[in-house]
Amino acid sequence: MNLSTRAIDPRTIKELLQLQMMNQLSLLTSGRSSASERSDHTDFASILNGLLADMDPASPQSAAGMSAGAGLVSGQALGPAMLSGLSAASAGALTRKLASAAKPSAYEPLIQEASRRFGVEPSIVKAVIHAESSFNANAVSGAGAKGLMQLMDATGQGLGVDNPFDPAQNIEGGTRYLSNLISKYGGSLGTALAAYNAGPTRLDRLGIQNDRDLAEKLHLLPAETQQYVRKVLALKEHYEA
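Everything quoted here is computed from the prediction, not taken from an experiment. All chains use their own residue numbering, which begins from 1 and follows the written sequence. Owing to the predicted nature of the model, reporting of local features is limited to residues with pLDDT of at least 70; listing and counting of side-chain atom pairs is limited to 80 or more, with chain, interface and lining totals taken over all residues. Side-chain numbers here rest on the full set of heavy atoms in the structure, without hydrogens or water.

**Student:** Would you take a moment to explain the overall build of the chain for this structure?
**Tutor:** We count a stretch as a helix when DSSP gives it H or I for four or more residues in a row; a strand needs E for two or more, and each element gets its number in order from the N terminus. Secondary structure summary: the chain contains 13 helices and zero strands in total. The rule is simple: take the accessible area with a 1.4 Å probe, protein chains only, and divide by the maximum for that residue type; under 20% is buried, over 50% is exposed, in between is partly exposed. Scored against the burial criterion, the 241 residues of the chain give a buried share of 44%. Throughout, a contact is declared for two residues whenever any of their heavy atoms are within 4.5 Å. Considering only residue pairs separated by 6 or more positions, the chain has 58% of its internal contacts joining residues 24 or more positions apart. Methods summary: accessible areas were calculated by the Shrake-Rupley approach with a probe of 1.4 Å, and residue burial reflects only the protein chains presented. When the accessible area of the chain is evaluated, it comes to approximately 12100 Å², of which 50% is carbon and sulfur surface.

Below you can see the structure in the form of C-alpha cells.
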C-alpha cells in the first residue's frame, strides 16, 4: 500500500492511535482472541507504525505529539471508524474482503424505497443485508431468522411481514425495524446495530442507551455482537464509496 502521510489529516492519525489502544484493551479484556483477530491487529499495528514513522519529526503533529494527545477518554462517544476497530489506511483491504461476491443491485429499487420511507441511509440497509444474509433472500439461520435481513418470525409479524422470504416485505420490515432502533437510541447507529443483533432487551439490561455507553460496555456484549457492529460499520463505508 503506497500512502503519503502528508495527505493524511492529523485527526486521522489520532484516531488510528485511539483504535490501536482500543484493540489492545479489547484483547486484554477478553483474555483470548482468534487467529484472524490477532492477524488483523498485527496488520493494523504494522500499517499504523509505518505511517507514523514516515511523519516529519519537526511537525507539531509528529508521532510523539500525537501519542501524547491520543489517549482514550472514559465514556468517549465512538464514531463509526472507531467502533469498527479498523484504521482508515486498512479500510480498503478490509472492505474488499467483506464485500466478497455480494450483489445488492438486484434489490436496489427496494432498498432505495425502504430507505426513503423510513429515513435510513441506503448504505446502512445494504450493509445489514450483506452482514445478515449476503443478499440471499432464502437464507435461514440456526435460530430461525429468515430472509435478507434475517427477521425472526415474531419480529417480522410485528412489522407486518407475512412472508419473510419475499424481498420486498423483508427489506421493508427490516428497514422499519432499523429505523425504530435508531430512533430509540437517539440516532446512535452503533447502538442500534448492536440491538439489531443482540436484541434491545439485552442492551437495556446493561444500561446501553447510546454510542457513548456502547463504547464503555461493548466488551459486555457477546463476541458475535461486537464483531457484527464492526462488520456492518465497515460495510457501510464500503457501500458509501
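**Student:** Help me understand the environment of Asp162 in this model?
**Tutor:** Checked against the element boundaries, Asp162 lands in the loop between α8 (153-158) and α9 (167-184). In this structure, the C-alpha to C-alpha distance between Asp162 and Gly173, residues 11 residues apart in sequence, is 9.9 Å.

**Student:** Help me out: how do you make sense of the packing of α9 against helix α10 (residues 189-198) in this one?
**Tutor:** In this description, a line fitted to the C-alpha atoms serves as the axis of each element, helices being fitted only across the stretch in contact, and the angle between N-to-C directions of two axes falls anywhere from 0 to 180 degrees. Axis separation between α9 and α10 bottoms out at 8 Å; the angle between their running directions is 125 degrees. Accordingly, the angle class assigned to the pair α9 and α10 is oblique. Where α9 crosses over α10, the handedness of that crossing is right-handed. In this structure, α9 uses Gly174, Tyr177, Leu178, Leu181 and Ile182 to contact α10, whose residues at the interface are Leu189, Ala192, Leu193, Ala195 and Tyr196. In this classification, Asp, Glu, Lys and Arg are treated as charged, Ala, Val, Leu, Ile, Met, Phe, Trp, Tyr, Cys and Pro as nonpolar, and every other residue, Gly included, as polar. Taken together, the residues of the contact of α9 with α10 break down into nine nonpolar, one polar and no charged. Roughly parallel means an angle under 35 degrees; roughly antiparallel means over 145; roughly perpendicular covers 65 to 115; every other angle is labelled oblique. Handedness of a crossing is defined here by the sense of rotation of the near helix relative to the far one, left-handed for an anticlockwise turn of less than a right angle and right-handed for a clockwise turn.

**Student:** Help me out: how do you make sense of the pattern of salt bridges in this one?
**Tutor:** Two side chains with opposite charge may pair up if their charged atoms get near one another. By convention in these notes, a salt bridge is any Lys or Arg side-chain nitrogen within 4 Å of a carboxyl oxygen on Asp or Glu. Per the counting criterion, the structure on display carries seven salt bridges. Put simply, Glu108 and Lys126 hold a salt bridge, and the shortest N to O gap is 3.0 Å. Of this pair, Glu108 sits in helix α6 (residues 108-118) while Lys126 sits in helix α7 (residues 122-133); the two residues are 18 residues apart in sequence, bridging distant segments of the chain. Overall, the relative accessible area of 24% leaves Glu108 in the partly exposed class. Among the residues examined, Lys126 registers a relative accessible area of 11% and is labelled buried. In this structure, the salt-bridge partner of Arg116 is Glu113, at a minimum N-O distance of 2.7 Å. With a gap of three residues between them, Arg116 and Glu113 both fall in helix α6, about one helical turn apart.

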